[in-house]
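Below are the chains, spelled out letter by letter.
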Amino acid sequence: MKLTRMSVLALSLAATPALASDLDLSLTNDSVKGQVNFFGGNSDLQLGTGYTYHEGGRHIGNVDFHAQGRTALGNLPTTAGIGMRAIGWEDDHLDGGAVALGGFATVNIPDVPGLSVTGGLHYAPSILSFGDSEDLTSFELRGSYRVIRNAEVFAGYRYLNTDLDSPARVDVNLDEGVLAGMKIFF
């Protein structure tokens, strides 16, 4: 029996809630992304995996591994993580990826319960890139509001860029745009 990428993705997303801490679904005008994180904000580690389908047949997968902890920015409670994001992408006859180093921070706004701001930045120079990627930059910024105890909605901006490893050194935005989505906590 032959399995397609979409059926494997659907099967893996259906099986992961038993092990997962949260499921994150987001949309841009040109893409849809699903992300599953396996440990909660109280854990010292964060492990997650995600898949993005970009209009036109581009497939992007990621695996995240971060050390995380609670801290404060000024008087604002913050969860921060430092680690790596492995990203692989495939688009027609091109493919590539990288192991990008970086981190994230989620700042909770105490004056407005349920409101938070999250930012993440990961970068991979050529030494950590492979395939057709010369380097890779991943950036995301979002504002979230916890609607109920186990679900939040968010809006923000996502930017995933690579330079192609070719004589032309073409700059390609693998995924970019304003995003909206929801996160469900288990």
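See above for the structure.
Just so we're clear, the structure is a prediction, and the values are computed from it rather than from any experiment.

Quick word on the packing of aromatic side chains
Here is step 1 of the chain: In total, this model carries zero aromatic pairs according to the counting rule given.
Here is step 2 of the chain: When the ring centre of Phe 154 is taken as reference, the NZ or CZ atom of Arg 142 above it lies at 3.7 Å.
Here is step 3 of the chain: Its end group placed over the ring of Phe 185, Arg 146 keeps NZ or CZ at 4.1 Å from the ring centre.

Some thoughts on the layout of surface pockets
Here is step 1 of the chain: Within this model, the largest pocket holds a volume of roughly 980 Å³.
Here is step 2 of the chain: In terms of lining, the largest pocket is formed by 39 residues, of which the most central are Asp 22, Phe 104, Thr 106, Thr 118 and Lys 183.
Here is step 3 of the chain: Among the elements that make up the lining of the largest pocket, the one with the highest residue count is strand 7 (residues 115-124) (seven residues).
Here is step 4 of the chain: Of the residues that constitute the lining of the largest pocket, the class distribution is six nonpolar, 21 polar and twelve charged.

A word on the nonpolar core
Here is step 1 of the chain: Counting eleven residues, the largest nonpolar core consists of Ile 60, Ile 87, Trp 89, Ala 98, Ala 100, Ala 124, Leu 136, Leu 160, Leu 164, Val 172 and Leu 174.
Here is step 2 of the chain: Elements supplying a minimum of two residues to this core: strand 5 (76-91), strand 6 (94-108), strand 10 (151-164) and strand 11 (171-185).
Here is step 3 of the chain: Dropping the residues within four chain positions of it, Leu 164 is found in contact with Trp 89, Leu 94, Asp 132, Glu 134, Arg 169, Val 170 and Val 172.

Description of a nonpolar patch on the surface
Here is step 1 of the chain: A contiguous nonpolar surface patch, about 830 Å² in accessible area, is contributed by Leu 25, Val 112, Leu 115, Tyr 145, Val 147, Ile 148, Val 153, Met 182, Ile 184 and Phe 186.
Here is step 2 of the chain: For the nonpolar patch, the secondary-structure elements that each account for two or more residues are strand 9 (133-148) and strand 11.
Here is step 3 of the chain: The element that contributes the greatest number of residues to the nonpolar patch is strand 9, accounting for three residues.
Here is step 4 of the chain: By the element assignment, Ile 184 lies in strand 11.

What to know about the side chain of Glu 134
Here is step 1 of the chain: Relative to the helices and strands, Glu 134 resides in strand 9.
Here is step 2 of the chain: Residues within four places of Glu 134 in sequence aside, it is in contact with Pro 125, Ser 126, Ser 129, Thr 162, Asp 163, Leu 164, Asp 165 and Arg 169.

A short note on the pattern of salt bridges
Here is step 1 of the chain: Within this structure, the stated rule accounts for seven salt bridges.
Here is step 2 of the chain: A salt bridge links Glu 140 to Arg 158; the shortest N-O distance between them is 3.6 Å. Here Glu 140, found in strand 9, pairs with Arg 158, found in strand 10; they are 18 residues apart in sequence, far enough to count as distant. There is no split in this pair, since Glu 140 and Arg 158 are both buried.
Here is step 3 of the chain: Here Arg 146 ties to Glu 152 by a salt bridge, and the two come within 3.6 Å at their closest N and O atoms.
Here is step 4 of the chain: Since its relative accessible area comes to 10%, Glu 152 is described here as buried.

Rules and cut-offs
- Residues numbered from 1 in each chain as written.
- Predicted model: local features only at pLDDT ≥ 70, side-chain atom pairs only at ≥ 80, totals over all residues.
- Heavy atoms only, no water.
- Phe/Tyr/Trp six-rings, centres within 6.5 Å; stacked < 30°, edge-to-face > 60°.
- Lys NZ or Arg CZ within 6 Å of the ring centre and 35° of its normal.
- 1 Å grid on protein atoms, 1.4 Å probe; cavity = no way out; pocket = protein on both sides within 12 Å on 5 of 7 lines; lining within 4 Å.
- Points joined across faces, edges and corners; volume = space filled by probe spheres on them.
- Helix = DSSP H or I, 4+ residues; strand = E, 2+ residues; numbered from the N terminus.
- Nonpolar A, V, L, I, M, F, W, Y, C, P; charged D, E, K, R; others polar.
- Core = buried A, V, L, I, M, F, W, Y, C linked by side-chain atoms within 4.5 Å.
- Buried < 20%, exposed > 50% of the residue type's maximum accessible area, 1.4 Å probe, protein only.
- Contact = heavy atoms within 4.5 Å.
- Patch = residues over 30% accessible without salt bridge, like charges linked within 9 Å, V, L, I, M, F, W, Y side chains within 5 Å.
- Areas by Shrake-Rupley, 256 points an atom, 1.4 Å probe, with all protein chains shown as cover.
- Salt bridge = Lys/Arg side-chain N within 4 Å of Asp/Glu carboxyl O.

These figures come from the coordinates and say nothing about function on their own.
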